[in-house]
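Read off the chains here:
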Amino acid sequence: MRVNIEAQQPSVKADLARCQCEWKAGSFMTLGPRPWVRCDKAPTVVVRELALPFGEMSLCDEHLDAFKQHDGRQVETLPIVRYADGRAEVSTCPRSDDRTSG
Ligand SMILES: [Zn+2]
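Residues numbered from 1 in each chain as written. Predicted model: local features only at pLDDT ≥ 70, side-chain atom pairs only at ≥ 80, totals over all residues.

On to the overall build of the protein chain. If you tally the helices and strands in the protein chain, you get one helix and six strands. In sequence order, the secondary structure elements of the protein chain are arranged as β-β-β-β-α-β-β. Buried residues in the protein chain amount to 21% of all 102 residues. If you take every contact in the protein chain between residues at least 6 apart in sequence, the share linking residues at least 24 apart comes to 49%. (Helix = DSSP H or I, 4+ residues; strand = E, 2+ residues; numbered from the N terminus. Buried ≥ 20, exposed ≤ 12 C-beta atoms within 10 Å, placed from the backbone. Contact = placed C-beta atoms within 7 Å.)

With that settled, consider the pairing of strand S3 (residues 45–49). As defined by bridge partners, S3 adjoins strand S4 (residues 56–59) across four bridges and the pair is classed as antiparallel. Considered in S4, the bridge of Val47 is made with Met57. Connecting S3 to the next strand, S4, in antiparallel fashion are six residues, including Phe54 with a positive phi near 55°. Two elements, S3 and strand S5 (residues 75–82), share five bridges in a ladder whose sense is antiparallel. Bridging across to S5, Arg48 finds its partner in Glu76. (Pairing = 2+ DSSP bridges.)

Summarising the element assignment, Thr44 is placed in the loop between strand S2 (36–38) and S3. Counting along the chain gives 34 residues from Thr44 to Leu78, while the straight-line C-alpha distance between them is 8.8 Å. Dropping the residues within four chain positions of it, Thr44 is found in contact with Cys60, Asp61, Pro79 and Ile80.

As summarised here, the arrangement of the four strands in space is S4-S3-S5-S6, forming an open sheet in which the pairing is antiparallel. Since the sheet does not close on itself, it has two edges, and those belong to S4 and strand S6 (88–90), each with one partner. Strand-to-strand twist in this sheet, taken as the mean axis angle between neighbours without regard to direction, amounts to 25°. Its contacts with the sheet place helix H1 (residues 61–70) against S3, S4 and S5, and it is angled at close to 130° to S4. (Axes fitted to C-alpha atoms, helices over the stretch in contact; angles between N-to-C directions.)

In terms of nonpolar packing, the biggest core is built from 12 residues, these being Ala14, Cys19, Cys21, Val45, Val46, Val47, Met57, Leu59, Leu64, Phe67, Val75 and Leu78. Contributions of two or more residues to this core are made by S3, S4, H1 and S5. (Core = buried A, V, L, I, M, F, W, Y, C linked by C-beta atoms within 7 Å.)

Before going further, it helps to spend a moment on H1. Regarding H1, the residues found buried are His63, Leu64 and Phe67. Angularly, the buried residues of H1 cover 110° about the axis, an arc narrow enough to put them on a single face. In this structure, H1 carries Asp61, Asp65 and Gln69 as exposed residues pointing more than 90 degrees from its buried face. In this structure, the buried residues of H1 make contact with S3, S4 and S5. (Arc of directions from axis to C-beta.)

Written out as structure tokens, the structure reads:
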């Protein structure tokens, strides 16, 4: 699995409705083309790069773990706040425990 932050244009806002993790369907044994598959879960955080190109993407808890394990980039993790009326917005306070170290 690969968390594909490069696929997101820096100027595009993170999708708060759906996790933006994508991976190739099948395995290296799969015959024929392997389309990208996108996670269909609701995201819980937005990760935002702290250096150029300042890309951002939304991730569910599962894919946030995968991102932190497989990606060494400096990012801040911003929780998504959801309201009872269905609105969602990105918190401006990073999760203190999620800042990538070193
Ligand atoms: Zn996901």
